Amino acid sequence: QLLLVIHVTVLDANDNAPVFSQAVYKASLPENSPIGTVVITVSATDADEGVNGDVTYEFGHVTDEVMKIFSIDNKVGEIRVMDTVDYEVKASYEIRIKAKDGLGLSSYAQVIISITDVNDNAPVVSLKSLTNQIPENTPAGTEVGIINVQDRDSENNRQVRCSIQENVPFKLVPSIKNYYSLVTTGQLDRELVSDYNITITATDEGSPPLSSSKTIQLSVADINDNPPVFEEQSYSAYVSENNKPGSSLCTVSARDPDWRQNGTVIYSLLPGEVNGASVSSYLSVNGDTGVIHAVRSFDYEQFRSFKVQVMARDNGSPPLSSNVTVSVFISDVNDNSPQILYPAVEGSSFMTELVPKAAHGGSLVSKVIAVDADSGQNAWLSYHIVKATDPGLFRNTVELVLDKELDREKQKEINLLLTALDGGSPQRSGTVVIHLSVADINDNPPMFEEQSYSAYVSENNKPGSSLCAVSARDPDWRQNGTVIYSLLPGEVNGASVSSYLSVNGDTGVIHAVRSFDYEQFRSFKVQVMARDNGSPPLSSNVTVSVFISDVNDNSPQILYPAPEGSSFMTELVPKAAHGGSLVSKVIAVDADSGQNAWLSYHIVKATDPGLFSIDLHSGEIRTQRDISESDSMKQNLIVAVKDNGQPSLSATCSMYLLISDNLAEVPELKDISYDEKNSKLTSYLIIALVSVSTFFLTFIIIILGVRFCRRRKPRLLFDGAVAIPGAYLPPNYADVDGTGTLRSTYNYDAYLTTGSRTSDFKFVSSYNDNTLPADQTLKKSPTDFTDVFGVCDDSPEV
Ligand SMILES: *[C@@H]1O[C@H](CO)[C@@H](O)[C@H](O)[C@H]1NC(C)=O
Ligand SMILES: *[C@@H]1O[C@H](CO)[C@@H](O)[C@H](O)[C@H]1NC(C)=O
Ligand SMILES: *[C@@H]1O[C@H](CO)[C@@H](O)[C@H](O)[C@H]1NC(C)=O
């Protein structure tokens, strides 16, 4: 409220100039006062009266600015504000005002208008500097910006408080006047908050206070502080074996919350080995997508699982990474056939042996071992005998077990087709041919093909000649069936059988060890054993009967008359002898038998062919007619004795007959003896000689008979015969065969003795003058031997 004091001076004359009441007026005006507001009223007085005293007001020399803002009422002296005044533009004005009267007298005064402040300006927040991208690893307390706050008002109106909103990791720290630092209060994490809108509010202390705020956008710059993290702790991939190379197995995935390349994940396989090979030969991983591919086909039988490490790496600098384990599990596919390992496969066939002794029904022959490289059902094997030589011989089991008895002699070999089937789908099979050969045991003795054997051999066989062959069969195997023949020990006529026969152990051919003499024995039996080579051996025996047949190997032996040269014999024929009377008898024996010993007597030559006849069978010489005087006194007969053998052998002798009643009439005995055709002996001499001969023979028979009965010792007996000159006569005549011929068992024993033939022969030859060389003789036929032993040198061989 303005109080205007107006002084009024009454002027009477214009002798007085107006006078202001005050030389200086002071007024205050709040800024922004409404237009027309009276700031102050000035007044001046003039002592004059009238027009002289009539005062008017006007601005003195003032600026245009003042003229524009203020106006002065020239009558009243009121100064009014005519424009907006702004304290912040001009805080005071000085105005010179002039008062003048009617006559033009004037005076001046000073008006000072002070503009008073009004809180009309809000504080202004301005950003002096700012780190737009704050790295997230910036430590707490770091200044990231400078803020300036301005308020155009004055005094309290320009006292400003600055604040920042809560829940941000920033604060304002007052700096120099009107300046604040924006400072971080904690660790920033772009991955949590990447952008901040920070509102800074400034409030002055005016009344009412004014405030303003400013929002600052802050970005947190990324730092590669997060490694990629796999979404799973580990990964598992399942794949069937025999997969296609390149097929995808699984996908790994890792997240990296960092920004851009710091968060860009690249997958890769960590180097390593799987079963000695680089992992990269097994798997590959797509660097961008994390899809894991099989590089190759897997084989369950080779390995069932493996692990690899996959790395996820970001693209930061330096990069961060993390690893994860990927386990690959390969599942089985029935891609392997069962394989039979035992009985061992060799060209898919195998040979084993069975022991039939143990191989009864139910006995284990062989284990069957088969494998299947697959697993589970795919390797679950069952065994089947698909084909067999003898179906039903074995059971369908994992073991080859016999169901029946085996007999190698019936079935030597058994072939089996054995199959192992697995349980996979489709089913696979493995096959093996088992070739079983039945092992032998020596359960069969050799069996002779005949119940008994007979061998027929002619006497005088060559030593070593084969007589017959025995044969035995043994169905067993190898040595168990190998037959060996042998003679069983025994005796034949007191000598070991081995001195008679031998048997070829391999062939069973029976050989004569020596020459047999029918005259010695006609037959004998031996036992031949067939033995196999088993252990223990089995054997069987067979009887071999050897029958010796006679050969006409003995020529008749003329016992009487005695052979020429050794003695002189003459028969006396009485002159009175009538026709048909017995004159003499030719006595002959043949060591052979049967036809061979059937002797016949013939007169071959006679001095008087019609005078004497000889009985064909008895050898008795009889007169055919009465002796007449005209008959020659010396009659000479040549008698041949033949046996009936084929060829027949013969002996001849000369018989000297003397037709005389008186021995005295025999003057030229010696002549006669040397003249075969004319010799004659008296019948007395004949009778005497016959008597002597008969006695001698009887004596020999008795001696030999006794000795033979005691002990059959042919050699000795023969030796005895040697001791008697003039006759190696058969000592034993007890054995008289059907033909009535005397027979000697031991005649030629010496000759037949093997191994000493030569010496024996010499012995014989020493006895006989008519010796042939030994070797020559050996080659001769039995007929020839008769010559050796021959009684008469000139005996014709018929
Ligand atoms: C900050 O403000 C800007 C502009 O108003 C807005 O687009 C953005 O979303 C805000 N950011 C945050 C974190 O509030
Ligand atoms: C013969 O038989 C025996 C058992 O008696 C046996 O041990 C052996 O192996 C057999 N020999 C052959 C060659 O089969
Ligand atoms: C054969 O004879 C021998 C000797 O006498 C005897 O030991 C063996 O047992 C006989 N064998 C047979 C099968 O009779």
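What you are looking at is a predicted structure, and each value in this text was computed from that prediction instead of being measured.

Draft legend 1. Seen up close, the overall build of the protein. Scanning the protein for helices and strands turns up eight helices and 56 strands. Looking at the protein alone, contacts between residues at least 24 apart form 68% of all its contacts between residues at least 6 apart. With an accessible surface of roughly 39,800 Å², the protein has 51% of that area assigned to carbon and sulfur atoms.

Draft legend 2. Structural context of the site of ligand 3. Lining the immediate surroundings of ligand 3 are Leu-488, Ser-539, Ser-540 and Asn-541. Within the side chain of Asn-541, a nitrogen or oxygen atom sits 2.2 Å from an oxygen atom of ligand 3. Coverage of ligand 3 by the protein chains reaches 36% of its 360 Å² of free accessible surface. Tallied by class, the residues present in the shell around ligand 3 amount to one nonpolar, three polar and no charged.

Draft legend 3. Representation of the packing of aromatic side chains. Overall, the coordinates contain 22 aromatic pairs when judged by the stated rule. Geometrically, the ring pair formed by Phe-230 and Tyr-235 is edge-to-face, given 6.1 Å between the ring centres and 75° between the ring planes. Across the pair, Tyr-235 and Phe-230 agree in class, each one buried. Considering the side-chain rings of Tyr-282 and Phe-298, the 6.3 Å spacing of their centres and the 10° angle between planes classify their relative orientation as stacked. Separated by 16 residues along the polypeptide, Tyr-282 in the loop between β24 (277-278) and β25 (283-285) and Phe-298 in the loop between β26 (291-294) and β27 (305-313) bring together distant segments of the chain. Judged on exposure class, the residue Tyr-282 and its partner Phe-298 are both buried. Connected via pairs of aromatic rings, a cluster forms that spans Tyr-282, Phe-298, Phe-303 and Phe-306. Sitting over the ring of Tyr-108, Arg-96 keeps its end group 4.2 Å from the ring centre. For the cation-ring pair, Arg-514 lies above Tyr-500, with the distance from its terminal atom to the ring centre recorded as 4.1 Å.

Draft legend 4. Structural view of the sheet that holds strand β13 (residues 160-164). One open sheet holds the four strands; their spatial order is β11-β17-β16-β13, and the pairing between them is mixed. What marks the edges here is a single partner per strand, and that holds for β11 (133-135) and β13. Strand-to-strand twist in this sheet, taken as the mean axis angle between neighbours without regard to direction, amounts to 30°. When β13 meets strand β16 (residues 195-204), the two strands line up antiparallel, connected through five bridges. Each bridged residue has a counterpart across the sheet, and for Cys-162 the counterpart in β16 is Ala-202.

Draft legend 5. Local environment of the site of ligand 2. Asp-440, Ile-441, Asn-442, Trp-477, Arg-478, Gln-479 and Asn-480 make up every residue found near ligand 2. For ligand 2, an oxygen atom lies 3.5 Å from a polar atom in the backbone of Asp-440. Asn-442 places a main-chain nitrogen or oxygen 3.1 Å from an oxygen atom of ligand 2. Contact with the protein chains hides 61% of the accessible area of ligand 2, taken as 360 Å² for the molecule alone. Within the shell around ligand 2, the residues separate by chemical class into two nonpolar, three polar and two charged.

Draft legend 6. The arrangement of the sheet that holds strand β54 (residues 620-623) in detail. With respect to topology, three strands assemble into an open sheet ordered β50-β54-β53, the strand pairing being antiparallel. Among the strands making up the open sheet, the edge pair consists of β50 (582-585) and β53 (612-614). For this sheet the average axis-to-axis angle between neighbouring strands, irrespective of direction, equals 25°. Summarising the sheet, β53 and β54 pair through three bridges and their orientation is antiparallel.

Draft legend 7. Summary view of the environment of Val-546. Tracing the chain through its elements places Val-546 in strand β47 (residues 539-549). Residue Val-546 is classed as buried on the basis of its relative accessible area of 0%. Residues Val-546 and Val-526, spaced 20 residues apart in sequence, show a C-alpha to C-alpha distance of 7.9 Å. Excluding residues within four positions of it along the chain, Val-546 makes contact with Ala-455, Val-457, Leu-467, Leu-501, Arg-522, Ser-523 and Phe-524.

Draft legend 8. Expanded view of a nonpolar patch on the surface. On the surface, Leu-341, Tyr-342, Ile-369 and Val-371 cluster together into a nonpolar patch covering about 320 Å² of accessible area. Only β29 (339-342) and β32 (369-371) provide two or more residues apiece to the nonpolar patch. Looking at the element boundaries, Val-371 is found in strand β32.

Draft legend 9. The pattern of salt bridges, seen in detail. According to the stated counting rule, one finds 13 salt bridges in the structure shown. The residue Lys-367 makes a salt bridge to Glu-399 at a minimum N-O spacing of 2.8 Å. Here Lys-367 is found in strand β31 (residues 364-367), whereas its partner Glu-399 is found in strand β34 (residues 399-401), with 32 residues between them in sequence. One salt bridge connects Glu-449 with Arg-473, and the closest N-O pair in it is separated by 2.8 Å. One end of the pair, Glu-449, is in the loop between β37 (447-448) and β38 (452-458); the other, Arg-473, is in strand β40 (residues 472-473), with 24 residues separating them in the sequence. The class for Arg-473 is exposed, based on a relative accessible area of 58%.

Draft legend 10. The arrangement of the confidence of the model for the protein in detail. Per-residue pLDDT for the protein averages 80, and the proportion of residues at 70 or more is 82%. In this model residues 712-798 is a low-confidence stretch, pLDDT under 50, and it forms 150 contacts with partners more than four residues away in sequence or in other chains.

Draft legend 11. Broad picture of the environment of Leu-341. Mapped onto the elements of the fold, Leu-341 is located in strand β29. Taking the C-alpha atoms as reference points, Leu-341 and Val-432, 91 residues apart in sequence, are found 9.1 Å from one another. Non-local contacts of Leu-341, meaning those with residues more than four positions away in its chain, are made with Ile-369, Ala-370 and Val-371.

How each quantity is defined
Residues numbered from 1 in each chain as written. Chains lettered and ligands numbered in written order. Predicted model: local features only at pLDDT ≥ 70, side-chain atom pairs only at ≥ 80, totals over all residues. Heavy atoms only, no water. Helix = DSSP H or I, 4+ residues; strand = E, 2+ residues; numbered from the N terminus. Contact = heavy atoms within 4.5 Å. Areas by Shrake-Rupley, 256 points an atom, 1.4 Å probe, with all protein chains shown as cover. Near = heavy atom within 4 Å. Polar contact = N/O pair within 3.5 Å; in protein donor to acceptor, adjacent residues only side chain to side chain. Nonpolar A, V, L, I, M, F, W, Y, C, P; charged D, E, K, R; others polar. Phe/Tyr/Trp six-rings, centres within 6.5 Å; stacked < 30°, edge-to-face > 60°. Buried < 20%, exposed > 50% of the residue type's maximum accessible area, 1.4 Å probe, protein only. Lys NZ or Arg CZ within 6 Å of the ring centre and 35° of its normal. Pairing = 2+ DSSP bridges. Axes fitted to C-alpha atoms, helices over the stretch in contact; angles between N-to-C directions. Patch = residues over 30% accessible without salt bridge, like charges linked within 9 Å, V, L, I, M, F, W, Y side chains within 5 Å. Salt bridge = Lys/Arg side-chain N within 4 Å of Asp/Glu carboxyl O. pLDDT = per-residue confidence, 0-100.

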